[in-house]
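Reading the structure
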Amino acid sequence: MPETDVNVSAARSDSPDAAPQSRAAVAIKAVRKVFGLPPAQVTALSSVSFDIADNEFFTLLGPSGCGKTTLLRLIAGFEQPTDGEILLFGEHLEGLPPNKRPVNTVFQQYALFPHMSIRDNIGFGLKMLGVDKSEIAQRTKRMLELIQMESFGDRRPSQLSGGQQQRVALARALAPSPKVLLLDEPLSALDLKLRQAMRVELKQLQQETGITFVFVTHDQEEALTMSDRIAVMSAGELQQVGSAKDIYEAPRNRFVADFIGETNFLDVTVEEVSGSQALCRFGPARLTCSTAGPTTAGSAGHVSIRPERLSLTRPSNDDDLVGTLERLIYLGTDTQHLVRLDDGTEITVRAQNAHDSSLDIAVGEKAALKIDTGAARLLVD
Amino acid sequence: MAGGPAAGGGASSSTFAGIRHWLLLPSWLVIGFFLLLPVLLMLVYSFLTKDFRGGVIWEFSLAAYDQFIFDRGLFGDEPPTIEWIYIQIFWRSIWQALLATILCLVIGFPTAYFIATRPQNTRMLWLFLITVPYWVNLLIRTVSMKFLIRDNGPLNEWFLAAGLLDSPIRMINTDFAVQLGLFYSYLPFMVLPIYASVERYNFALSEAAADLYADRWTALRLVVIPAVSPGIIAGCILVFVPSLGAFLAPDLLGGAKNFMIGSLIEEQFKGNAGNWPFGAAASMILLTMVLIVLMIYARQQARGEREGR
Amino acid sequence: MAAKAHDIRRYPAFLWITLLCLFVLYGPLIIVMIYSFNDSVSITRWGGFSLRWYEDVFFGPEAAKFKAAAWNSLSIAVMAATSATMIATCAAIAMIRGGSFRGKSMTFALISLPLMVPEIVTAVATLIFFSAISFTRGYFSIVMAHIVFCIPFAYLPISARLQGIEATYEQAAQDLYASRSQAFWQVLMPLMMPGIISGFLLAFIISLDDFIITNFVKGAGIETLPTAIFGSVKQGIKPNIMALSTLMLMVSIFFVTVSYFAGKSGAKTER
């Protein structure tokens, strides 16, 4: 893809970073959003705060109804926060309508104007900004090149495939060189193959343009593959912000551990705490866990262990984590072992089929669970 | 699908909330001033005293309503006896409107069903053919019907020429002619809502009925008709209500013996009777009947929606 | 064929009922059309093909009356349909894009009121109203009455269309730096256009069609085509009326056909 320059500064953003106190592209400060009037109120967001850095691919991830789209619409200006404030490169956005914010959105169903050509769709934002005609023509041409659809300028949106419409929606939102691009589940309307291809393209586009992307999705795979950082949300609250690796390997709480990937939970008692390590007891077994937050000896807690960080051996010590192997499920690349612990907890163990791992434990026999170092995580609840 | 309450909530489609009152003002003013106010004024007029050359004298009187039920002689001083003629006119109107509704249903349902089960490409054409006559001026349609069924009109001539009849049969100025006129006027009102319901109907239900040993007529009776009943009811209301107050069909096709409410009202203002309070009262009674029918319908609709139909 | 006979959806009798239906609907119109070309003065005896009654409509003794009536009908329909369409467009935008507000269902009831009140009752009420305020009935009173009953007919297709346009289009426009009025004129208005056109056409035809209300609120000496025809028919159906009816019939059918095919091609470009 050709390089794009994005030096035409976007709408009403002439004051160059006047606020040194915040270098964040977007700062969300104690934002709360309540819909409806007192008897039938719905809290969509309850006091959410975080920063999105400049030039970052940032993802808001969560199940539907978690408030992620509401947050996006607050940044875009389609809704106003009930409490709190949103800053864009240090500037307050309060009271600014969507057309006065240097932020553009790629809508879920694209919302391409059906009565305009592709070229007019892409040029719409620039036209509204009062950019002169030759400049619009030039930039539109460049955007069409960027999305590799040079020959489609005169078509109507209805004549394009879903993937092409998606690219046009991107080009339209990028054409005015927004300071932040908001993407509301833009891939959800595409089929699987196209979706996977678009992930790569989107990431590439973000790196080439250097624009901050704020991406909303409920698809964890999408989030993990593209994002620099992810904010996991649930029930109107922020659960955790971090890189894909952080979120997967060091989940903060039960929701995050459960929502991202597969995991096993053990109900444990904390015995000793030292720094970010804790020694926990589960029946006769002792586990060394990393802690997600402050904890005290003697309290009860949950430990999360990913299935691929567990392996099975024959029981040898008294303080081994022991259970009965109940079932083997062959999954192609790996095999899933279901182990029932003595207290009834069911544990999933995943072993790759690559190396010859012919397990000598038969179904119905006792097995000990071996945990990789650092794989057990004591969660905050 | 995804997102918070904002995605589906009212907040997302309120781009013009700030100026909605300005946008609504013209409709409020025009309809309020030129229809709602006139209807209220009509109610007032129905309680006034008649002036002999049309118009009213501003004196409270129940005479207009009294006249519907009692005959007090030419000068109003005789002992009251029950006056049947107006009750009969109302009764005939209701009866005619009901018959017209049933006729439209019997012909309209199969038609709507037939059209809705056509392949996609010919369906719109059938629907178009059924609705075209509706767009032709109602007066012209009624006049055409009058021309066709006159005593020495084409229909009688052909029957005579074909030897099917010895002498012309009388069709014009009969109840039958009024029925035919009302049917002709309002048939599309029956077909369109039923068509809409049948089109949405899931034919797997008919197949399930057939699978469970129902023959097609049983399936129609027990499965299809209950499923499309909202459309049938809507169609019946849409035919019954205008039929009740119809003027052209009874006036042009029915003649003096088949007087309906519409003609009775017209007589009071345009014709010789010139009794405005009485005409206003008759209009009020007609309006009340129509509103009762519509209210029953609205209530039933609301219940249907609650039950998630 | 055998397979078709077992199709549970099919009721062969329904085809015949549909054809009967079409026969009854079109029969009288076609007969009148044919007889309008009858050369004979007796309206039922066929005397050969002739255009003499059409000539009579345009140049006969009643030609001036018909021309004036046609002009009144058309100008009233254009004015009423235009005003009703504008009023209904504003109302539809407020009702569908104005969020929820107190009195919304009352407003909807008010807009549909002209549909619920029987025509003859509207006619009586309007007559009483103009008489009570001592307004001389004539051209203006007809136009006002027509605007009122045309509003819901214009409103229905416009609001249906607007409901089908997702709010994200305006939002996308605003997101791309369009002000609210720019978003309206450049995005919402073009998308609403098919609804506005069919609303206008519907209102136009309904206005042309009206007899009862016009008959009540027109003053002496002013006629529209329906009231002129009605007055003439009261004395018996004359051949020139059949010619005039045929002309009006053709105009209606032309309009409907045009809007049908316009709608069809419009639907095609949509998606």
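First, a word on scope: everything that follows refers to the structure included in this document. (Residues numbered from 1 in each chain as written. Chains lettered and ligands numbered in written order. Predicted model: local features only at pLDDT ≥ 70, side-chain atom pairs only at ≥ 80, totals over all residues. Heavy atoms only, no water.)

**Quick word on the overall build of chain B**
- Each helix and strand counted, chain B has 13 helices and 4 strands in total.
- Compactness check: chain B gives a C-alpha radius of gyration of 25 Å against a globular reference of 19 Å for 309 residues, more than 25% above the reference.
- Principal-axis analysis of the C-alpha atoms gives chain B an extent of 75 × 70 × 35 Å.
- Burial statistics for chain B: of 309 residues in total, 51% are counted as buried.
- Within chain B, contacts between residues separated by at least 24 positions form 63% of all contacts whose residues are at least 6 apart in sequence.
- Accessible area for chain B stands at about 14800 Å²; split by element, carbon and sulfur atoms hold 66% of it.
- Taking the average location of the 20 positive side-chain charges in chain B and that of its 20 negative ones, the two points are 8 Å from each other. (Helix = DSSP H or I, 4+ residues; strand = E, 2+ residues; numbered from the N terminus. Rg over C-alpha atoms; globule rule 2.2 N^0.38 Å. Buried < 20%, exposed > 50% of the residue type's maximum accessible area, 1.4 Å probe, protein only. Contact = heavy atoms within 4.5 Å. Areas by Shrake-Rupley, 256 points an atom, 1.4 Å probe, with all protein chains shown as cover. Lys, Arg positive; Asp, Glu negative; His and termini not counted. Charge placed at Lys NZ, Arg CZ, Asp CG, Glu CD.)

**Details of the overall build of chain C**
- Looking only at helices and strands, one finds 12 helices and 0 strands in chain C.
- Element order for chain C, N to C, with α for helix and β for strand: α-α-α-α-α-α-α-α-α-α-α-α.
- In summary, chain C has a C-alpha radius of gyration of 23 Å against a globular reference of 18 Å for 271 residues, an excess of more than 25%.
- The principal-axis extent of the C-alpha atoms belonging to chain C is close to 75 × 70 × 30 Å.
- Split into buried and exposed, the 271 residues of chain C put 57% on the buried side.
- Taking the contacts inside chain C whose residues are at least 6 apart along the sequence as the reference set, 71% of them involve residues at least 24 apart.
- On chain C, roughly 11500 Å² of surface is accessible, and the fraction owed to carbon and sulfur atoms is 69%.
- Across chain C, the centroid of the 19 positively charged side chains sits 4 Å from that of the 13 negatively charged ones.

**What to know about a nonpolar patch on the surface**
- Taken together, B:Trp91, B:Trp95, B:Leu98, B:Leu99, B:Ile102 and B:Val106 make up a surface patch of nonpolar side chains, about 610 Å² in accessible area.
- Relative to the helices and strands, B:Leu98 is located in helix α3 (residues 84-116). (Patch = residues over 30% accessible without salt bridge, like charges linked within 9 Å, V, L, I, M, F, W, Y side chains within 5 Å. Salt bridge = Lys/Arg side-chain N within 4 Å of Asp/Glu carboxyl O.)

**Remarks on the interface of chain B and chain C**
- At the junction of the two partners, chain B supplies 88 residues and chain C supplies 94 residues.
- Between chain B and chain C the total buried area reaches about 8800 Å² when both faces are included, carbon and sulfur atoms providing 78% of it.
- Considering only the side of chain B, the residues that lose the most area to chain C are B:Phe16, B:Trp135 and B:Arg216, jointly responsible for 9% of the buried surface there.
- For the pair chain B and chain C, the number of links is 1 salt bridge.
- Of the charged contacts, one joins B:Asp251 and C:Lys234 as a salt bridge, the two residues approaching to 2.8 Å between their closest N and O atoms.
- Taken together, the connections running from chain B to chain C amount to 9 residue pairs in polar contact (both at pLDDT 80 or more).
- Looking at which element gives the most residues to the side of chain B that touches chain C, the answer is helix α1 (residues 20-45) of chain B, with 18 residues. (Buried area = accessible area lost by both parts, 1.4 Å probe. Polar contact = N/O pair within 3.5 Å; in protein donor to acceptor, adjacent residues only side chain to side chain.)

**Things to note about the packing of helix α13 (residues 276-306) of chain B against helix α6 (residues 119-132) of chain C**
- Remark: α13(B) packs on α6(C), axes separated minimally by 9 Å, with the N-to-C direction vectors making an angle of 140 degrees. Relative to α6(C), the element α13(B) lies oblique. When you trace α13(B) past α6(C), the crossing you get is left-handed. On the side of α13(B), the interface is formed by B:Trp276, B:Ala280, B:Ser283, B:Leu286 and B:Leu287, while α6(C) contributes C:Ile120, C:Val121, C:Val124, C:Leu127, C:Ile128 and C:Ser131.
- Split by residue class, the contact of α13(B) with α6(C) holds 9 nonpolar, 2 polar and no charged. (Axes fitted to C-alpha atoms, helices over the stretch in contact; angles between N-to-C directions. Parallel < 35°, antiparallel > 145°, perpendicular 65-115°, else oblique. Left-handed = near helix turned anticlockwise from the far one by under 90°. Nonpolar A, V, L, I, M, F, W, Y, C, P; charged D, E, K, R; others polar.)

**A word on the pairing of strand β14 (residues 300-305) of chain A**
Residue and element names in this part refer to chain A.
- Counting buried residues in β14 gives 5 out of 6 residues, a clear majority hidden from the surface.
- With 6 bridges connecting them, strand β11 (residues 264-274) and β14 associate as antiparallel partners. Following the sheet pairing, Val268 is matched in β14 by Gly301.
- Relative to strand β20 (residues 377-378), β14 runs antiparallel, the two being bridged by 2 bridges. Within the sheet, the bridge partner assigned to Ser304 lies in β20 and is Arg377. (Pairing = 2+ DSSP bridges.)

**Digging into the sheet that holds strand β15 (residues 310-313) of chain A**
Residues and elements named next belong to chain A.
- Taken in spatial order, the 5 strands line up as β15-β19-β16-β17-β18 in an open sheet, and their pairing is antiparallel. In the strand order of this sheet, the two ends are held by β15 and β18 (346-352), each with one partner. Averaged over all neighbouring strand pairs, the angle between strand axes comes to 45 degrees, with direction disregarded.

**Digging into the pattern of salt bridges**
Residue and element names in this part refer to chain A.
- Summed over the entire model, instances satisfying the criterion amount to 25 salt bridges over all chains.
- In this structure, Asp219 engages Arg199 in a salt bridge whose closest nitrogen and oxygen atoms are separated by 3.9 Å. With a gap of 20 residues between them, Asp219 in the loop between β8 (212-217) and α6 (220-226) and Arg199 in helix α5 (residues 192-209) connect regions that are remote in the sequence. Each member of the pair Asp219 and Arg199 is classed as buried.
- In this structure, the salt-bridge partner of Arg350 is Asp334, at a minimum N-O distance of 3.2 Å. Of this pair, Arg350 sits in strand β18 while Asp334 sits in strand β17 (residues 334-341), placing them 16 residues apart in sequence.

**Some details on the environment of C:Phe58**
Residue and element names in this part refer to chain C.
- When you line up the elements, Phe58 lands in helix α3 (residues 52-59).
- In the structure, Phe58 is positioned 186 residues away from Leu244 in sequence and 9.2 Å away in space, judged by C-alpha atoms.
- If sequence neighbours within four positions are ignored, Phe58 has contacts with Ala63, Lys67 and Leu247.

**Observations regarding the packing of aromatic side chains**
- Counted under the stated rule, the structure contains 44 aromatic pairs over all chains.
- Ring geometry for B:Phe33 versus C:Phe129: centroids 5.5 Å apart, planes at 85 degrees, classification edge-to-face. Taken together, the residues span two chains, with B:Phe33 in helix α1 and C:Phe129 in helix α6.
- A relative accessible area of 2% means that C:Phe129 is categorised as buried.
- Aromatic side chains B:Tyr113 and C:Tyr11 sit 5.3 Å apart centroid to centroid with 75 degrees between the ring planes, which places their arrangement in the edge-to-face category. Remark: C:Tyr11 occurs in the loop between α1 (2-5) and α2 (12-35) and B:Tyr113 occurs in helix α3; the pair is interchain, linking two chains.
- When its relative accessible area of 5% is taken as the criterion, C:Tyr11 is described as buried. (Phe/Tyr/Trp six-rings, centres within 6.5 Å; stacked < 30°, edge-to-face > 60°.)

**Quick word on the pairing of strand β2 (residues 56-60) of chain B**
Residues and elements named next belong to chain B.
- Where strand β1 (residues 48-50) meets β2, 3 bridges bridge the pair, whose relative direction is antiparallel. Each residue of the ladder has a partner; that of Lys50, found in β2, is Val56.
- The turn joining β1 and β2, which pair antiparallel and follow one another in sequence, is formed by 5 residues; a positive phi near 85 degrees is taken by Gly54.

**Remarks on α13(B)**
- An ideal rise of 1.5 Å per residue puts 45 Å on 31 residues; α13(B) measures up with 44 Å between its terminal C-alpha atoms.
- Where α13(B) begins, one side-chain oxygen reaches toward the backbone nitrogen of B:Phe278, 3.2 Å away; that side chain belongs to B:Asn275. (Expected span 1.5 Å × (residues − 1).)

**Quick notes on helix α11 (residues 225-233) of chain C**
- Along α11(C), 8 of the 9 residues are buried, which leaves the element largely enclosed by surrounding structure.
- Those residues of α11(C) that fall on the buried side of the exposure criterion are C:Leu225, C:Pro226, C:Thr227, C:Ala228, C:Ile229, C:Phe230, C:Ser232 and C:Val233.

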